[in-house]
Amino acid sequence: RSGRRQMVLSLLGVTDVDAGGLGELASAFQEVRGAGGVLRIVVRIKNVRELLVRTHLLGGLPTFPTEAEAIASFEPAASLTTST
């Protein structure tokens, strides 16, 4: 609503990603970027992170171990909150 286009996608509950999931991540990244936005991903599961590396999705998708770190990575002027 405030005109910001910064999004954090939490994959904290995700333990595995199939081809369909990879496609959705790639689509989300392109859609957010196409709207002039920035997408950050929260992921802690090692095999999920390694899959993102192997498929070269991490080149355009910065990942973080916590939502707080992902939010902090945006410009300091941005005050975003998480919903749980």
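One can find the structure itself at the top, above this paragraph.
Our subject in this report is the structure included herewith.

Reading the values: the criteria
- Residues numbered from 1 in each chain as written.
- Predicted model: local features only at pLDDT ≥ 70, side-chain atom pairs only at ≥ 80, totals over all residues.
- Heavy atoms only, no water.
- Salt bridge = Lys/Arg side-chain N within 4 Å of Asp/Glu carboxyl O.
- Helix = DSSP H or I, 4+ residues; strand = E, 2+ residues; numbered from the N terminus.
- Buried < 20%, exposed > 50% of the residue type's maximum accessible area, 1.4 Å probe, protein only.
- Contact = heavy atoms within 4.5 Å.
- Core = buried A, V, L, I, M, F, W, Y, C linked by side-chain atoms within 4.5 Å.

So, about the pattern of salt bridges. Evaluated as defined, the whole model comprises one salt bridge. Among the salt bridges present, the one from Lys46 reaches Glu50, with a minimum N-O distance of 3.8 Å. With Lys46 and Glu50 both in helix H2 (residues 46–54) and four residues apart, this pair spans about one turn of that helix. On the basis of relative accessible area, Lys46 is assigned to the exposed category, the value being 61%. Relative accessible area serves as the criterion here: at 36%, Glu50 is assigned to the partly exposed category.

What follows covers the side chain of Arg40. With respect to the helices and strands, Arg40 occurs in strand S2 (residues 38–42). Using a relative accessible area of 14% as the deciding quantity, one classes Arg40 as buried. Beyond its immediate chain neighbours, meaning those up to four positions away, Arg40 contacts Met7, Val8, Leu9, Pro62, Phe64, Ala70, Ser73 and Phe74.

Moving on, we get to the nonpolar core. Within the largest apolar cluster, 14 residues are counted, with the highest numbers of intra-cluster contacts made by Leu22, Leu25, Ile41, Leu57 and Leu61. Counting only elements with at least two residues in this core, the list comes to helix H1 (19–34), S2 and H2. Considering each element in turn, this core owes the most residues, four residues, to H1. Look past the residues within four positions of Leu25 in its chain and what remains in contact with it is Leu9, Leu11, Ile41, Leu52 and Leu57.

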